[in-house]
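# Architecture and fold: a report
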Amino acid sequence: MFLRSLTAPLTTIRGIGPVLVPRFARLGIRDAAGLLCHYPRDWEDRSRRVPIKDFHRSRVCTEVTVIARDWIGFGRMRALKVHVEDESGRAALLCFNRPWMEKQLVPGRRYRLCGHFYYKYREIQSSSFEIEPIVPGELAGFGRILPVYPLSAGLTQAMLRRFVSRALEQYAQNLENELPAEIIERDRLLPKAAALKAVHFPASALELELAKKTLIYEELFYLEIMVGRRAIARKKSAASPVSPARFSASDRAFTPPQKRLLERLPFSLTAGQEEAVADINRDMAHNDAPPMARLLQGDVGSGKTLVSFLAALRAVEDRGQAAIMAPTELLARQHAENAARLLEPLGLRIAFLTGNIKAAGRKELLRSLSLGEIDIVVGTHALFSKDVHYKNLTLVVIDEQHRFGVTQRSLIMAKGGRPHLLMMSATPIPRTLALTVFGDMDVSVIRDLPPGRKPVKTHLAKESSEGRVYGFVRGEIAAGRQAYFVYPLIEGGVEADLKDAVSMADRLAREVFPDFSLALVHSKLDEEKKRLTMDRFRAGEIKILVATSVVEVGVDVPNASCMVIEHAERFGLSALHQLRGRVGRGGDQSYCFLVYSDELTEDGKARLKVMLENTDGFVIAEEDLKLRGPGQIAGIEQSGYLDLGIANPVRDAEALARARTDAFAILEMDPGLLLPQSRVVARVLEEAPPFGEVAL
Ligand code: ADP
Ligand code: MG
């Protein structure tokens with residue numbers, strides 16, 4: 001039997017009653033296979049004994065006798081204190097919020113104890129420890145490598161260990177291998193049953209490594225089989241006959257409505273923009289081919305918005321409707337205003353839809369949309385609300401796609417028949433990840449910035465010399481330009497010495513820039529207020545905008561020439577890059593000041609220096625990846641793809657590459673090959689949005 005066919009209910013596992021079922025469901029565990037695939041998030045090596053006297057060297061792991069108990073403190077702070085000893089010394093266990101331990105820890109009895117200890121009040125103490133009675137014959141919690149599981153309310157580590165162990169006993173004996181035998185042999189992997197057993201209860205560190213290697217490879221292999229299979233399917237349908245007249249050089253050219261828009265612009269497209277539009281026109285030219293599934297990558301300021309408008313024009317030409325979705329109301333409004341300015345003169349009907357549009361207007365708007373009286377609708381996630389219906393939605397544009405989850409992306413797609421999809425992202429996705437995450441999508445990359453842009457001059461400054469930064473900004477504003485000040489927090493209180501946007505807006509307005517108009521935006525303000533402030537900033541009435549990272553996404557005010565980021569060490573490099581991209585959008589020289597705490601370590605400083613040395617978002621993203629790990633790369637964590645059971649495409653990049661070669665080679669020999677798929681991958685498959693093609 002394959003693991004995924006193991007649908008036996010949880011209650012068939014000895015000790016699991018109906019009461020526990022909903023608790024397991026909260027962890028996504030619904031049957032025996034689900035429990036077996038609930039991999040540990042960590043392992044604790046308790047195979048080595050560490051006596052109390054060695055507490056300062058590592059975690060203590062020993063057998064003790066309880067000597068005495070007493071109570072310390074008063075009222076709510078009252079806590080049980082238990083004195084224990086092993087052959088090397090004595091220690092005290094502080095049982096905060098665990099009064100029931102009094103009954104369990106009986107003087108004179110023997111226990112296994114494991115925990116972090118420290119020296120305080122002239123004794124060796126611990127308040128974070130695990131202790132359990134030594135019962136002959138029970139599954140020993142010590143003397144071995146123990147799994148540490150993700151938990152939810154009502155489930156403890158001990159329970160999970162017990163039930164997983166039973167599930168292994170009851171069900172895992174005769175599981176069949178899912179990987180092809182040749183691969184298992186070639187890489188010396190474990191058989192499935194053994195790998196599963198060893199990942200939960202490894203006999204040694206070596207066995208654990210082997211088990212992980214096996215299961216990681218298996219997941220990545222299926223992921224790549226999925227990517228490869230889609231690519232093949234797409235190739236097949238794309239190969240359906242296309243009339244030669246339509247598949248000609250004219251596909252590369254702009255359509256007449258697109259030309260009319262371009263004629264009205266004060267500038268011409270960059271080469272990168274032009275190529276992206278050509279790609280899109282080609283994708284959208286053939287009604288009988290599969291719909292477009294394209295990712296448009298381009299650094300901040302590369303002009304992606306305009307490309308999406310040109311795509312929308314193309315959709316409307318074919319009597320379709322286009323929906324342009326942005327992650328924040330601020331950004332959606334900016335796009336809507338630009339769309340109105342550029343496209344309404346061409347006779348297109350534009351609408352703006354967010355959750356905040358009032359009742360009467362909304363009803364009218366929705367009616368027009370469903371009747372096809374609106375060509376292009378720009379908005380937030382409100383675009384896929386239940387009550388929103390489109391007459392003929394043929395193009396979905398998702399701006400800053402990484403801000404949306406997989407589910408949200410598929411919800412908007414479901415509003416049309418099989419709409420074309422254009423996802424835009426300024427977060428460059430490192431190649432290693434792109435292979436998996438967007439492995440079967442087409443990609444256009446805009447590599448150039450509009451001409452005339454001067455690179456932003458970036459400076460590091462210590463907090464104690466921020467006065468000089470303020471002085472410089474003053475000069476810029478006096479010369480007619482505008483500035484952003486960005487802080488990591490909205491309001492203070494959490495950490496006393498951290499500057500926050502609210503109190504700094506106040507301080508800057510009163511003490512530093514009393515003669516210039518200043519305003520504050522952050523995510524807690526209501527939308528109307530945010531809009532007014534942004535409008536006035538754009539119009540130049542407000543000179544200084546104090547903000548949190550809400551301005552990180554998309555905001556476009558070319559006259560702003562200074563970006564001051566305080567506590568810069570609190571931001572990820574990619575976020576800093578996005579923030580810096582808010583300036584340098586006009587013809588003036590722009591500046592970015594990264595102000596850091598005087599106490600910042602050398603390592604922290606080295607990290608910020610990456611920003612001085614690099615202007616390329618791809619390079620910065622790679623650095624970020626190295627420094628902070630994949631979970632931090634904006635958007636990857638929400639994409640759902642890193643949510644595999646045990647594999648991590650970034651950490652396991654090497655295995656991923658091998659799995660890809662294997663999977664594609666196998667598919668090439670036998671494209672119809674039916675392999676038993678692992679569950680996690682099957683789930684990822686179901687949730688994944690429609691994708692495009694990858695070169696085989
Ligand atoms: P992003 O790719 O970061 O979304 P935007 O679409 O916001 O960039 O464009 C940034 C700015 O560049 C806007 O003010 C836009 O009008 C301008 N822009 C776009 N394309 C060009 C171009 N080809 N030449 C000059 N300016 C351009
Ligand atoms: Mg943008």
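In this report, the structure presented in the accompanying data block is examined. (Residues numbered from 1 in each chain as written. Chains lettered and ligands numbered in written order. Predicted model: local features only at pLDDT ≥ 70, side-chain atom pairs only at ≥ 80, totals over all residues. Heavy atoms only, no water.)

### Notes on the packing of aromatic side chains
For the coordinates displayed, the defined rule picks out ten aromatic pairs. Summarising the aromatic geometry, the rings of F24 and F163 are spaced 6.2 Å apart at their centres and angled 65° between planes, so their arrangement reads as edge-to-face. Highlighted residues: F24 in helix α1 (residues 21-26) and F163 in helix α4 (residues 157-171), separated in sequence by 139 residues. Residue class for F24 comes out buried when judged on its relative accessible area of 0%. Here F163 falls in the buried class, since its relative accessible area comes to 3%. The side chain of R162 reaches across the aromatic face of F163, ending 5.5 Å from its centre. (Phe/Tyr/Trp six-rings, centres within 6.5 Å; stacked < 30°, edge-to-face > 60°. Helix = DSSP H or I, 4+ residues; strand = E, 2+ residues; numbered from the N terminus. Buried < 20%, exposed > 50% of the residue type's maximum accessible area, 1.4 Å probe, protein only. Lys NZ or Arg CZ within 6 Å of the ring centre and 35° of its normal.)

### As for the pattern of salt bridges
Taken as a whole and assessed by the stated rule, the structure comprises 40 salt bridges. Two residues, R186 and D187, come together in a salt bridge whose shortest N-O distance is 2.8 Å. Between D318 and R314 there is a salt bridge, with the nearest N and O atoms lying 3.1 Å from each other. Given a relative accessible area of 10%, R314 falls into the buried group. (Salt bridge = Lys/Arg side-chain N within 4 Å of Asp/Glu carboxyl O.)

### Examining the environment of L612
Mapping L612 onto the fold places it in helix α19 (residues 602-613). L612 gets classed as partly exposed once you look at its relative accessible area, which sits at 38%. Along the primary structure L612 and V456 are separated by 156 residues, whereas in three dimensions their C-alpha atoms are 9.9 Å apart. Leave out the neighbours within four places in its chain, and L612 touches T458, H459 and L460. (Contact = heavy atoms within 4.5 Å.)

### Description of the nonpolar core
The tendency in soluble globular proteins is for nonpolar side chains to be buried as a group. Judged by nonpolar contacts, the single largest core of 59 residues is most densely connected at I13, I16, F24, L35, L36 and F221. Within the residue set of this core, elements represented by two or more residues are α2 (32-36), α4, α5 (181-186), α6 (192-200), α7 (205-238) and α21 (653-669). The element that contributes the greatest number of residues to this core is α7, accounting for twelve residues. Core analysis: the second largest hydrophobic core is formed by 40 residues, L262, L269, A339 and V378 among them. (Core = buried A, V, L, I, M, F, W, Y, C linked by side-chain atoms within 4.5 Å.)

### Some words on the pairing of strand β4 (residues 89-95)
Two faces, one strand: in a regular strand the side chains alternate between the faces of the sheet. Most of β4 is tucked away, with six of its seven residues classed as buried. Note that strand β3 (residues 79-86) and β4 share seven bridges and pair antiparallel. Note on β4: the bridge partner recorded for V84 is A91. Counting the residues that bridge the hairpin from β3 to β4 gives two residues. As judged from the two bridges shared by β4 and strand β6 (residues 123-133), these two strands associate in the parallel manner. Looking at the pairing, A92 lines up with Q125 of β6. (Pairing = 2+ DSSP bridges.)

### With respect to the sheet that holds strand β18 (residues 544-547)
Taken together, six strands build an open sheet; the order of strands is β15-β20-β19-β16-β18-β17 and the sheet is parallel. If you trace the sheet from one side to the other, it starts and ends with β15 (457-462) and β17 (518-521), each paired once. On average, each strand axis in the sheet is tilted by 20° relative to the strand beside it, whichever way the strands run. Packed on one face of the sheet, helix α16 (residues 501-512) meets β16 (482-486), β17, β18 and β19 (560-566) and runs near 180° to β17. Against the sheet, helix α17 (residues 527-538) contacts β16, β17, β18 and β19, and its axis sits at roughly 140° relative to β17. (Axes fitted to C-alpha atoms, helices over the stretch in contact; angles between N-to-C directions.)

### Details of α4
When the terminal C-alpha atoms of α4 are compared, their 21 Å separation across 15 residues agrees well with the 21 Å that a helix rising 1.5 Å per residue should span. Of all 15 residues in α4, eleven are buried, a share of seventy percent or more. The complete set of buried residues in α4 reads Q157, M159, L160, R161, F163, V164, S165, R166, A167, L168 and Y171. If you follow the buried residues of α4, they end up packed against α1, α2, β6, β7 (145-148) and α6. (Expected span 1.5 Å × (residues − 1).)

### Points about the sheet that holds strand β10 (residues 350-353)
Ordered by their spatial adjacency, seven strands build an open sheet running β10-β11-β9-β12-β13-β8-β14, and the pairing between neighbours is parallel. Edge strands, defined here as strands with exactly one partner in the open sheet, are β10 and β14 (442-446). For this sheet the average axis-to-axis angle between neighbouring strands, irrespective of direction, equals 20°. Examined bridge by bridge, strand β9 (residues 321-325) and strand β11 (residues 376-379) share four bridges and lie parallel to one another. Paired with A323 across the two strands is V377, which belongs to β11. Packed onto the sheet, helix α11 (residues 329-343) meets β10 and β11 and runs at close to 170° relative to β10.

### Re unusual backbone geometry
One non-glycine residue, R319, lies in positive phi territory at about 65°. Mapped onto the elements, R319 comes out in the loop between α10 (304-317) and β9. Phi is positive for H567, which is not a glycine, with a value near 55°. Here H567 is to be found in the loop between β19 and α18 (573-580). Taking relative accessible area as the criterion, H567 reaches 5% and is therefore assigned buried.

### A look at the site of ligand 1
Around ligand 1, a shell composed of 16 residues is seen, among which G301, K304, T305, R453 and D556 lie nearest. In this structure, T305 approaches ligand 1 through a side-chain N or O atom, which is 2.6 Å from an oxygen atom. In the complex, the protein chains occlude 83% of the 570 Å² of accessible area that ligand 1 would expose alone. Its residues placed into classes, the shell around ligand 1 shows four nonpolar, seven polar and five charged. (Near = heavy atom within 4 Å. Polar contact = N/O pair within 3.5 Å; in protein donor to acceptor, adjacent residues only side chain to side chain. Areas by Shrake-Rupley, 256 points an atom, 1.4 Å probe, with all protein chains shown as cover. Nonpolar A, V, L, I, M, F, W, Y, C, P; charged D, E, K, R; others polar.)

### Examining the packing of helix α15 (residues 466-478) against α16
The interhelical angle for the contact between α15 and α16, taken along N-to-C directions, is 70°, at an axis separation of 13 Å. With respect to α16, the axis of α15 lies roughly perpendicular. Taken as a pair, α15 and α16 cross one another with a handedness that is right-handed. Residues E466, Y470 and R474 of α15 form the contact with α16, whose own contacting residues are M504, R507, L508 and V512. The residue inventory of the contact of α15 with α16, partitioned by class, reads four nonpolar, no polar and three charged. (Parallel < 35°, antiparallel > 145°, perpendicular 65-115°, else oblique. Left-handed = near helix turned anticlockwise from the far one by under 90°.)

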